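Structural overview for review
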Amino acid sequence: MVCVLAFNGPAHERYLYFVSLLFVGTICGFLHSLVFAGYRWDDPWEPHDAEPKANWRENAPPFIKAVLIACGASGAIWAVLQLLGHDGLKSGGWYLFYVAVFTPFLVATWSRLKFVNFRAAVPTVLIMDLVLSGYEYLLLKEGTGWAYNGTIIGWIYVVPIENVLFIYPVAGALVCVLFSVVSRHLNDFKAFWLLMGGLTCIFVPVEIIGIGWLKLWDVDQFKDQSVLPIWHTNLEEFVYYLLFQALAGLLYVWFDQNLRPSPRARYPGRAP
């Protein structure tokens, strides 16, 4: 029903952003029920989460290189475009903004990569990059959601180059790493919701700074297509961040449960 409303019903014209988020929320709800079946808030933590993962020394360097290459590729394209007479520094504002947002997290979690299940993280990152790029293509192609204020390096169809190459894959990678850190001494269910709460406290000021102070993107012009306009943004913007961070976390947990060298052991508190 949500899919029909999002792509065929009257909401397609007026409230595509909100109704499409209902579709994403439905997927998140299904995954949540799947990966946390039998969990309770006060269950004990899973001992394997506090142990370094097998082969992490071999897997961590390529993971780090991939992040650096993702950042560097966007920067290199930007530099070439500057040499060719592109719009100057402002055209890379969106890229620089997320370099500044991501860098403290990359530095803080650098020594915690030994707790990451890379067999789970890699497919999560690839899926999130594809899903987020496709979702942005849908909204921008339909002329709804948000508009960038000349701060983009360039485009792949209607999606910013830096989103596809850098922002989306690195954001997914950070959710995986942060979850592996938070879940070391908490059960997966509690770790997931505490991480979502912590990320919410981060992305709210990120939205306010990016829109209100730096004016990197504009949501105001889409007020007529919004369920609840708030200041210079809207409700959908905050739901967007929450749902896609949740989707990355849920995918990582599902892959962590199912992509293991040996079957996942049952721990006290887990339903059989």
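Residues numbered from 1 in each chain as written. Predicted model: local features only at pLDDT ≥ 70, side-chain atom pairs only at ≥ 80, totals over all residues. Heavy atoms only, no water.

**Side note on the overall build of the protein chain**
The line we're drawing: Strands are runs of DSSP state E lasting at least two residues, helices are runs of H or I lasting at least four, and both sets are numbered from the N terminus onward. Contacts: residue pairs with any heavy atoms within 4.5 Å of one another. Note on areas: these come from Shrake-Rupley sampling with a 1.4 Å probe, and a residue is covered only by the protein chains present in the view.
Looking only at helices and strands, one finds 9 helices and 6 strands in the protein chain. Relative to all contacts within the protein chain whose residues are 6 or more apart in sequence, the contacts with residues 24 or more apart total 76%. Accessible area of the protein chain: about 13200 Å², with a carbon and sulfur share of 69%.

**Thoughts on the nonpolar core**
Which entries qualify depends on this criterion: Side-chain atoms within 4.5 Å link the members of a nonpolar core, which is a set of buried Ala, Val, Leu, Ile, Met, Phe, Trp, Tyr and Cys residues. Each residue is assigned to one of three classes by its accessible area relative to the maximum for its type, calculated with a 1.4 Å probe on protein chains only: buried under 20%, partly exposed between the two thresholds, exposed over 50%.
One finds Tyr98, Trp146, Trp217, Tyr240 and Phe244 to be the most contacted residues of the largest nonpolar core, which totals 73 residues. It is helix H9 (residues 235-258) that provides the largest number of residues to this core, a total of 13 residues.

**Regarding the side chain of Ser183**
Note the threshold: Contacts described as polar in this section are N or O atom pairs within 3.5 Å, which, within protein, must combine one atom able to donate a hydrogen with one able to accept it, while residues neighboring in sequence count only if both atoms come from side chains.
Its location among the elements puts Ser183 in the loop between helix H7 (161-182) and helix H8 (188-213). A distance of 2.9 Å separates a polar side-chain atom of Ser183 from the backbone oxygen of Phe179. In contact with Ser183, not counting residues within four places along its chain, are Asp49, Asp188 and Ala191.

**Some points on the packing of aromatic side chains**
Short version of the rule: Two rings from Phe, Tyr or Trp (for Trp, the six-membered ring) form a pair when their centres sit within 6.5 Å of each other. Planes less than 30 degrees apart are called stacked, planes more than 60 degrees apart edge-to-face, and all others tilted.
The final tally for this structure, using the stated rule, is 27 aromatic pairs. Here Tyr135 and Phe244 contribute two aromatic rings whose centre-to-centre distance is 5.2 Å and whose plane-to-plane angle is 55°, an arrangement assigned as tilted. With a gap of 109 residues between them, Tyr135 in helix H6 (residues 118-141) and Phe244 in helix H9 connect regions that are remote in the sequence. Accessibility classification places Tyr135 together with Phe244 in one group, the buried group. Residues Tyr240 and Tyr241 carry aromatic rings whose centres are separated by 5.7 Å and whose planes lie at 80° to one another, so their mutual orientation is edge-to-face. Considered together, Tyr240 and Tyr241 belong to a single accessibility category, that of buried residues. Members of the aromatic cluster, joined through ring pairs, are Trp78, Trp94, Tyr95, Phe97, Tyr98, Phe102, Tyr148, Trp155, Phe166 and Trp217.

**A short note on the packing of H6 against H7**
To keep things clear, this is the line we draw: Axis definition: a line fitted to C-alpha atoms, over the contacting stretch in the case of helices. Angles run 0 to 180 degrees between N-to-C directions. Note on angle classes: values under 35 degrees are labelled roughly parallel, values over 145 roughly antiparallel, values of 65 to 115 roughly perpendicular, and the remainder oblique. Two helices crossing with the near one rotated counterclockwise from the far one by less than a right angle form a left-handed crossing, whereas a clockwise rotation gives a right-handed crossing.
For the pair H6 and H7, interaxial distance at closest approach is 8 Å and the crossing angle is 135°. As the angle between them shows, H6 and H7 are arranged oblique. For the pair H6 and H7, the crossing hand works out as right-handed. For the pair formed by H6 and H7, the contact residues are Ala121, Thr124, Val125, Asp129, Leu132, Ser133 and Glu136 on the first element and Asn163, Val164, Tyr168, Pro169, Gly172, Ala173 and Cys176 on the second.

**Notes on H8**
Worth spelling out the cut-off: An expected span of 1.5 Å times one less than the residue number is assigned to each helix.
The terminal C-alpha atoms of H8, which comprises 26 residues, lie 37 Å apart, in line with the 38 Å expected from a rise of 1.5 Å per residue. Two to three positions downstream of the cap, the backbone nitrogen of Phe189 sits 3.0 Å from a side-chain oxygen, assigning the N-cap of H8 to Asn187. Following H8 by one or two positions, Lys215 adopts a phi angle in the positive range, close to 55°.

It is worth stressing that arrangement in space is one thing and function is another; only the former is reported here.
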